[in-house]
Amino acid sequence: MSRCIDLATNGLGSTYPNPMVGSVIVCENKIIGEGWHRKSGEPHAEVNAINSVENKELLSKSTIYVSLEPCSHFGKTPPCSDLIIRHKIPKVVIGTTDPFAKVCGNGIKKLKEAGCEVIVGALEKESQELNKRFFTFHQKKRPYIFLKWAETRDGFMAPKIRNKIAPQWITNLYSRQYVHKMRSQEQAILVGTNTVLHDNPKLNTRDWFGENRLRVAVDKDLKIPRTFSVWNDEQPTLFLSENIDNKLFKNTSFERIDFSESLPQQVCDLLFEKNIQSLIVEGGRAILQQFIEANLWDEAFVFVGNVSFESGLKSPDFQRKTLQEVKDFEEDKLFIYRNL
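Residues numbered from 1 in each chain as written. Predicted model: local features only at pLDDT ≥ 70, side-chain atom pairs only at ≥ 80, totals over all residues. Heavy atoms only, no water.

**What about the domain arrangement of the chain?**
Our working definition: As used throughout, domain bounds are those supplied by an automatic or database domain assignment. Here's the idea: put two parts together, see how much 1.4 Å probe accessible area each one loses, and the total over both is what we call buried area. By salt bridge we mean one thing: a side-chain nitrogen of Lys or Arg within 4 Å of a carboxyl oxygen of Asp or Glu. Pairs of N or O atoms within 3.5 Å make up the polar contacts considered here, provided that, within protein, one atom can donate a hydrogen while the other can accept it, and that residues adjacent in sequence are counted only when both atoms are side-chain atoms. Elements are defined by DSSP. Helices are runs of H or I of four residues or more, strands are runs of E of two residues or more, and each kind is numbered from the N terminus. Here the nonpolar group is Ala, Val, Leu, Ile, Met, Phe, Trp, Tyr, Cys and Pro; Asp, Glu, Lys and Arg are the charged ones; every other residue, Gly included, is treated as polar.
Taken domain by domain, the chain holds domain 1 (1-134) and domain 2 (141-338). Using only C-alpha atoms to locate each centre, domain 1 and domain 2 end up separated by 35 Å. Of the roughly 920 Å² buried between domain 1 and domain 2 on both sides combined, carbon and sulfur atoms contribute 45%. Area buried by domain 1 at its contact with domain 2 is led by Tyr 16, Lys 132 and Arg 133, which between them contribute 57% of it. At the boundary of domain 1 with domain 2, the tally comes to 3 salt bridges. For Arg 338, the salt bridge is made with Glu 129, and the minimal N-O distance between the two is 2.8 Å. Remark: the boundary between domain 1 and domain 2 carries 8 residue pairs in polar contact (both at pLDDT 80 or more). Broken down by element, the side of domain 1 that touches domain 2 gets its largest block of residues, 3 residues, from helix H6 (residues 132-140). When its residues are assigned to classes, the side of domain 1 that touches domain 2 shows 4 nonpolar, 1 polar and 3 charged.

This is the structure:
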C-alpha cells in the first residue's frame, strides 16, 4: 500500500476533480503490475495497473492493492470495480473508502457480491492524508485551505514605507520557486485588494512547471486599475466584488458577495459550487486574519526570511496549532502548521 501511495502522488495537481490514486498488483509475492491516475478523463489507477500486466492469466490468482476504493459508477470512464471483477482478481486490498457519494461503499459492496475477498483500511490514515483535499471537499463541503505568507525575523510582512508598486521581497529565490510549485499543485489562489495594489502580483507559476491556476481577487469596489496583472485575462481570474463588470472577457469572471457577512465562509461556499478542491490564501494580512478567526484553514505555510524591518505591517495574529514540518531554503525557513 505504501507503494500505491507513492505512485498516486505523481498525480498531484493534475487529477482534479478526481482524487489521486495508486494501484499495485501482486502475484506470488511479486509485483507484476502497477499504475496511477494521471489526469481527469484518463484511465484510473486500477486500469493502468491491469494494463501493465504482461500475462493477464496471472490476474486470476493475484491481489490488487489500491489506495482508494475502486469506483462503481460510470463517469468519464467505466467502473473500475467491474474491470476487477471481469479479470477475476480474487483479492482486493483498499487503503480507504471513497467519500464521494456515488461511490462511498458501493465499489466495496459490488466486489464482495462478486465473490472477491476485500480488505479495507490498509494504511488508512496515510491513504486519507494523500487525498486530504478530496476528503475535505466532500466531507466539509469546502476547499482544503492553505494560508501562506512571508515574514521577517522580527515578525513583519511589509515595511512601514514602500517606495514603489512591487513586491518587497522577504524570502529568497528558492523560497519563491517553492511557492510557484505550490501554486501548480492547488486549484486557486486568493488575494485581497491591498495586496494587489501594493505588489501588482501575477499569481502564476512562471518559476515552476504546471498550469496557471484560478486567481481570486477580493475587490469590493473594483478599484484595482485595469493596467494591473490580475486584469490581463491570461489565466482564469475571478473577482469577488459588490460590483459586476459586464464587459465580456475570455478568462475573467465576477461574483457578487455581501461584504457585511463572513468573507471566508462566502469564499468557501462559492468555490465549493465551482468544484474547487483546494485554495491558497496568499494575503494580505487582513484577509489572512479573517480566515484564521473564522477557523477556516487547514495548513499554514509561514516563510521566515533572513531580514528585519524593525517596523511595518505585522504578520497575522496566529495561534499556531501543530507544527508539522520545517523546511530550509538556504537562509530562509518554512514553518508548516496544521489546524488540528
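**So, helix H7 (residues 173-185)**
For the record, the criterion: By this rule, a helix spans an expected 1.5 Å times one less than how many residues it contains. Only protein chains enter the accessibility calculation, which uses a 1.4 Å probe; a residue is then buried when its area is under 20% of its type maximum, exposed when over 50%, and partly exposed in between. Two residues qualify as a contact provided that any one of their heavy atoms is within 4.5 Å of a heavy atom in the partner residue.
Spanning 13 residues, H7 covers 19 Å between terminal C-alpha atoms, matching the ideal 18 Å at 1.5 Å per step. Three or more residues of H7 are buried, namely Ser 175, Arg 176, Tyr 178, Val 179, His 180, Met 182, Arg 183, Ser 184 and Gln 185. Residues of H7 that are buried in the fold lie against strand S6 (144-151), strand S8 (188-192), strand S12 (278-283), strand S13 (299-304), strand S15 (322-329) and strand S16 (332-338).

**Thoughts on the packing of aromatic side chains**
Under the convention used in this document: Ring pairs are drawn from Phe, Tyr and Trp, using the six-membered ring of Trp, whenever the two centres fall within 6.5 Å, and their geometry is named by plane angle: stacked under 30 degrees, edge-to-face over 60, tilted for the rest.
Summed over all chains, the structure comprises 16 aromatic pairs. Taking 5.9 Å as the distance between ring centres and 55° as the angle between the ring planes, the aromatic pair formed by Phe 249 and Phe 254 counts as tilted. On the accessibility criterion, Phe 254 (13% relative accessible area) is buried. On the numbers, 5.6 Å between centres and 75° between planes, the contact of Phe 318 with Tyr 337 is edge-to-face. On the criterion of sequence distance, the pair formed by Phe 318 in the loop between strand S14 (312-314) and S15 and Tyr 337 in strand S16 is long-range, its members being 19 residues apart. Taking the relative accessible area as the measure of exposure, Phe 318 reaches 7% and is therefore buried.

**Some details on the pattern of salt bridges**
Overall, the coordinates contain 15 salt bridges when judged by the stated rule. With its nearest N and O atoms 3.2 Å apart, the salt bridge here joins Lys 274 to Glu 255. Of the two residues, Lys 274 is situated in the loop between helix H9 (263-273) and S12 and Glu 255 in strand S11 (residues 252-256); the sequence distance between them amounts to 19 residues. What makes Glu 255 partly exposed here is its relative accessible area of 25%. Shared partners join several salt bridges into a network, and the residues in it are Glu 129, Lys 132, Glu 299 and Arg 338.

**Points about the UniProt feature "binding site: Zn(2+)" (unreviewed entry) in the chain**
Put simply, the test is: UniProt positions are given in the numbering used here, feature names are shortened, and annotations may be inferred rather than shown by experiment.
UniProt records the feature "binding site: Zn(2+)" (unreviewed entry) at His 44, Cys 71 and Cys 80, using the numbering of this structure. For this annotated set, covering 37 residues, all C-alpha atoms fall within 9.1 Å of each other, a compact arrangement in space. Relative to the assigned elements, Cys 71 resides in the loop between strand S3 (63-68) and helix H3 (80-86). Sequence-distant contacts of Cys 71, defined by excluding residues within four places in its chain, comprise His 44, Glu 46, Pro 78, Pro 79, Cys 80, Ser 81 and Val 103. Tracing the backbone shows Cys 80 in helix H3.

**Comments concerning the sheet that holds strand S4 (residues 91-96)**
The line we're drawing: Only strands joined by at least two bridges in the DSSP assignment are considered to pair. Note on definitions: angles span 0 to 180 degrees between N-to-C directions of axes, and those axes are lines fitted to C-alpha atoms, for helices only across the stretch in contact.
Spatially, the 5 strands line up as an open sheet ordered S2-S1-S3-S4-S5, and their pairing is mixed. Here the strands that pair on one side only, and so sit at the sheet edges, are strand S2 (30-36) and strand S5 (117-120). Within the sheet, the average angular offset between the axes of one strand and its neighbour, ignoring direction, is 15°. Most of the contacts of helix H4 (residues 106-113) go to S5, to which it runs at about 150°, and overall it touches S4 and S5.

**Some thoughts on the environment of Trp 208**
Position of Trp 208 among the secondary structure elements: in the loop between helix H8 (193-199) and strand S9 (214-218). Assessed through its relative accessible area of 34%, Trp 208 is described here as partly exposed. The sequence separation of Trp 208 and Phe 146 amounts to 62 residues, and the corresponding C-alpha distance is 19 Å. Residues within four places of Trp 208 in sequence aside, it is in contact with Gln 177, His 180, Lys 181 and Ser 184.

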